[in-house]
Amino acid sequence: MEPMVTHILFATDLSHNSTYALRHAAALAQSTGAKIHVLHVNEPLSDDAKVTMEMFILNEDTRKKATERRHEMVRKVLAERQANFWAKFEGDDAKIKDQVASIEVTDGHPAEVILRRSQELGCDLIVLGAHDHGFSHTFLGTVAKRVLRRSAIPTLIVPHPTDG
């Protein structure tokens, strides 16, 4: 029988729980031999945020540089989180990192980008972390619901672990 899971799209919002969800994606990849594609989607700036930028940053080049710095910061945070995550593995478990086929940071509406990239990458499974009841509660819940509702492939929502 052929493996059912050959490519896993792990979508991260860079929250604490996303690391916990990555552990599940890595374990599944290890057991199936699947490749892991890591994706973070920057939510587009709201119209209010754009107006505020235009009010306080009058120069177009400066606004463009501010947007570029936002991307650079997210890429840096994602790289640091990935390095810290994989550094904890030893022996055969450390080889799972070799199964990471791509790491991508892009802009767009998260659910739509997650669904589109899962198709483009030929993924068999999407893994997302459920929100912990923090400030991103509504946003992350909405993304997970939209992905679940519209996904044509299995989607795993990993709940945040409780401490007690």
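So, a few notes on the structure that sits alongside this text. Note that the structure is predicted; figures quoted are calculated from it, not measured.

**Digging into the sheet that holds strand S2 (residues 35-42)**
Sheet strands line up and pair through hydrogen bonds in the backbone, either parallel or antiparallel.
Line of reasoning, step 1. Spatially, the five strands line up as an open sheet ordered S3-S2-S1-S4-S5, and their pairing is parallel. A single partner strand is all that each edge strand has here, and the edge strands are strand S3 (100-107) and strand S5 (155-158). Pairwise comparison of adjacent strand axes, ignoring direction, gives a mean angle of 20 degrees for this sheet.
Line of reasoning, step 2. Across four bridges, the pairing between strand S4 (residues 125-129) and S5 is parallel. Its bridge partner being in S5, Gly-129 is matched across the sheet by Val-158.
Line of reasoning, step 3. Across the sheet, helix H1 (residues 16-32) touches strand S1 (7-11), S2, S4 and S5, and the angle it forms with S1 is around 175 degrees.

**Re the nonpolar core**
Line of reasoning, step 1. By size, the foremost hydrophobic cluster in this structure holds 23 residues, and its most contacted members are Ile-8, Phe-10, Ile-36, Trp-86 and Val-127.
Line of reasoning, step 2. Considering every element that reaches this core, the biggest residue donor is H1, with five residues.
Line of reasoning, step 3. Within the second largest apolar cluster, 14 residues are counted, among which are Leu-9, Ile-114, Leu-115 and Ala-144.

**A closer look at the pattern of salt bridges**
Line of reasoning, step 1. This structure, assessed with the given rule, holds five salt bridges.
Line of reasoning, step 2. A salt bridge links Asp-92 to Lys-95; its shortest N-O distance comes to 3.3 Å. As far as the burial class goes, Asp-92 and Lys-95 line up, both exposed.
Line of reasoning, step 3. Salt-bridge contacts for Glu-104 lead to Arg-117; the nearest nitrogen and oxygen are separated by 2.9 Å.

**With respect to the packing of aromatic side chains**
Line of reasoning, step 1. What the rule picks out here adds up to three aromatic pairs.
Line of reasoning, step 2. A ring pair is formed by Trp-86 and Phe-89, whose centres lie 5.4 Å apart and whose planes are at 35 degrees; its orientation type is tilted. In terms of burial, Trp-86 and Phe-89 fall into one category: buried.
Line of reasoning, step 3. Through successive ring pairs, a cluster of aromatic residues spans Phe-85, Trp-86 and Phe-89.

**A short note on the side chain of Asn-42**
Line of reasoning, step 1. In this structure, Asn-42 sits in strand S2.
Line of reasoning, step 2. Relative accessible area serves as the criterion here: at 4%, Asn-42 is assigned to the buried category.
Line of reasoning, step 3. Those residues in contact with Asn-42, other than ones at most four positions away along the chain, are Arg-70, His-71, Val-74, Val-105, Thr-106, Asp-107 and Gly-108.

**A few points about helix H3 (residues 60-87)**
Line of reasoning, step 1. Taking 1.5 Å of rise per residue, 28 residues should cover 40 Å, and H3 covers 41 Å from first to last C-alpha, within 8% of that figure.
Line of reasoning, step 2. Of the residues making up H3, those classed as buried are Arg-63, Ala-66, His-71, Val-74, Leu-78, Gln-82, Phe-85 and Trp-86.

**Comments concerning a nonpolar patch on the surface**
Line of reasoning, step 1. Together, Val-51, Met-55 and Phe-56 give the surface a local cluster of nonpolar side chains, amounting to about 350 Å² of exposed area.
Line of reasoning, step 2. Positionally, Phe-56 belongs in helix H2 (residues 47-56).
Line of reasoning, step 3. A relative accessible area of 63% places Phe-56 in the exposed class.

**Quick word on the packing of H1 against H3**
Line of reasoning, step 1. Here H1 crosses H3 at 55 degrees, and the two axes come no closer than 11 Å. The orientation of H1 with respect to H3, classified from their angle, is oblique. Like other packed secondary-structure pairs, H1 and H3 cross with a definite hand, here right-handed. Across from Thr-19, Leu-22, Arg-23 and Ala-26 in H1, the residues of H3 making contact are Gln-82, Phe-85 and Trp-86.

Analysis parameters
Residues numbered from 1 in each chain as written. Predicted model: local features only at pLDDT ≥ 70, side-chain atom pairs only at ≥ 80, totals over all residues. Heavy atoms only, no water. Pairing = 2+ DSSP bridges. Helix = DSSP H or I, 4+ residues; strand = E, 2+ residues; numbered from the N terminus. Axes fitted to C-alpha atoms, helices over the stretch in contact; angles between N-to-C directions. Contact = heavy atoms within 4.5 Å. Core = buried A, V, L, I, M, F, W, Y, C linked by side-chain atoms within 4.5 Å. Buried < 20%, exposed > 50% of the residue type's maximum accessible area, 1.4 Å probe, protein only. Salt bridge = Lys/Arg side-chain N within 4 Å of Asp/Glu carboxyl O. Phe/Tyr/Trp six-rings, centres within 6.5 Å; stacked < 30°, edge-to-face > 60°. Expected span 1.5 Å × (residues − 1). Patch = residues over 30% accessible without salt bridge, like charges linked within 9 Å, V, L, I, M, F, W, Y side chains within 5 Å. Areas by Shrake-Rupley, 256 points an atom, 1.4 Å probe, with all protein chains shown as cover. Parallel < 35°, antiparallel > 145°, perpendicular 65-115°, else oblique. Left-handed = near helix turned anticlockwise from the far one by under 90°.

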